[in-house]
Amino acid sequence: MVDVKKGETSVFEAKCPQCGEFMANMGLDFESPKKDDVKKWEHIKSLFSVGITFHSCGCSGPGYIPNSKEKLVEYFEGIKKRYLENMGFWRSRIEPTNKQERERDLNKNWHKLSSISPNYKKEIVTNQEGLDYWHVKVKQVEEKLNLIK
């Protein structure tokens, strides 16, 4: 948590005034449920455990935040599905072997290449690099799903 005093920023750990436990920084857009709504508080705990908070710049809010455990699981399952589809691309892609193939690959798949390497315009991105990248992303989502379930 951040406290601003006389133009200085300092980091401190905020404690709950009722129970004395450390509080989580859920963001300025967070609206707490009623104190006795145990189900909603458990859901908030699940959201925080997987890194979903209510931070935003204030323009349009924090974006989509699932409002139940089932929707949260569905949300991460959808992300996992998209990640697996990306792995499918890298499994079936034919790596370019010459300059002409590389240019064609760059023009057709620049969006996929750029997510793997910031130097995608200068060097060939291998299929194995793409598979490794998406494999890590899938594992991260699976870890979040395990935390929720």
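Residues numbered from 1 in each chain as written. Predicted model: local features only at pLDDT ≥ 70, side-chain atom pairs only at ≥ 80, totals over all residues. Heavy atoms only, no water.

Colleague: Is there a simple way to explain the layout of surface pockets in this structure?
Modeller: Rolled over the atoms, a probe with the dimensions of a water molecule shows which regions are left empty. Space inside the largest pocket adds up to approximately 730 Å³. Met-23, Ala-24, Met-26, Phe-30 and Trp-41 are, among the 25 residues lining the largest pocket, the residues nearest its centre. For the lining of the largest pocket, the per-class residue count stands at 15 nonpolar, 6 polar and 4 charged. The space that makes up the second largest pocket amounts to roughly 220 Å³. Lining of the second largest pocket is provided by Phe-89, Arg-93, Ile-94, Glu-95, Pro-96, Glu-101, Arg-104, Asp-105, Lys-108 and Asn-109. Among the elements that line the lining of the second largest pocket, the one with the most residues is helix 3 (residues 99-116), at 5 residues. (1 Å grid on protein atoms, 1.4 Å probe; cavity = no way out; pocket = protein on both sides within 12 Å on 5 of 7 lines; lining within 4 Å. Points joined across faces, edges and corners; volume = space filled by probe spheres on them. Nonpolar A, V, L, I, M, F, W, Y, C, P; charged D, E, K, R; others polar. Helix = DSSP H or I, 4+ residues; strand = E, 2+ residues; numbered from the N terminus.)

Colleague: Got a minute to help me understand the environment of Ile-79 in this structure?
Modeller: Along the chain, Ile-79 falls in helix 2 (residues 69-92). Between the C-alpha atoms of Ile-79 and Val-141, which are 62 residues apart in sequence, the distance is 7.5 Å.

Colleague: Can you help me understand empty space enclosed by the protein in this one?
Modeller: Following the criterion strictly, the structure yields 1 cavity of 30 Å³ or more and no others. Looking at the largest cavity, its volume works out to about 60 Å³. Arg-93, Pro-96, Arg-102, Asp-105, Leu-106, Leu-113, Tyr-120, Glu-123, Ile-124 and Val-125 together form the lining of the largest cavity. Classifying every residue of the lining of the largest cavity gives 6 nonpolar, no polar and 4 charged.

Colleague: Whenever I open this one, the pattern of salt bridges confuses me. Can you help?
Modeller: Side chains bearing opposite charge may pair, as long as their charged atoms lie close to each other. Tallied over the entire structure, the rule returns 4 salt bridges. Between Glu-77 and Lys-149 there is a salt bridge, with the nearest N and O atoms lying 3.6 Å from each other. With Glu-77 in helix 2 and Lys-149 in the segment after helix 4 (127-148), the pair connects residues that are 72 residues apart, well separated along the chain. A relative accessible area of 31% means that Glu-77 is categorised as partly exposed. Of the residues examined, Lys-149 reaches a relative accessible area of 59% and is grouped as exposed. (Salt bridge = Lys/Arg side-chain N within 4 Å of Asp/Glu carboxyl O. Buried < 20%, exposed > 50% of the residue type's maximum accessible area, 1.4 Å probe, protein only.)

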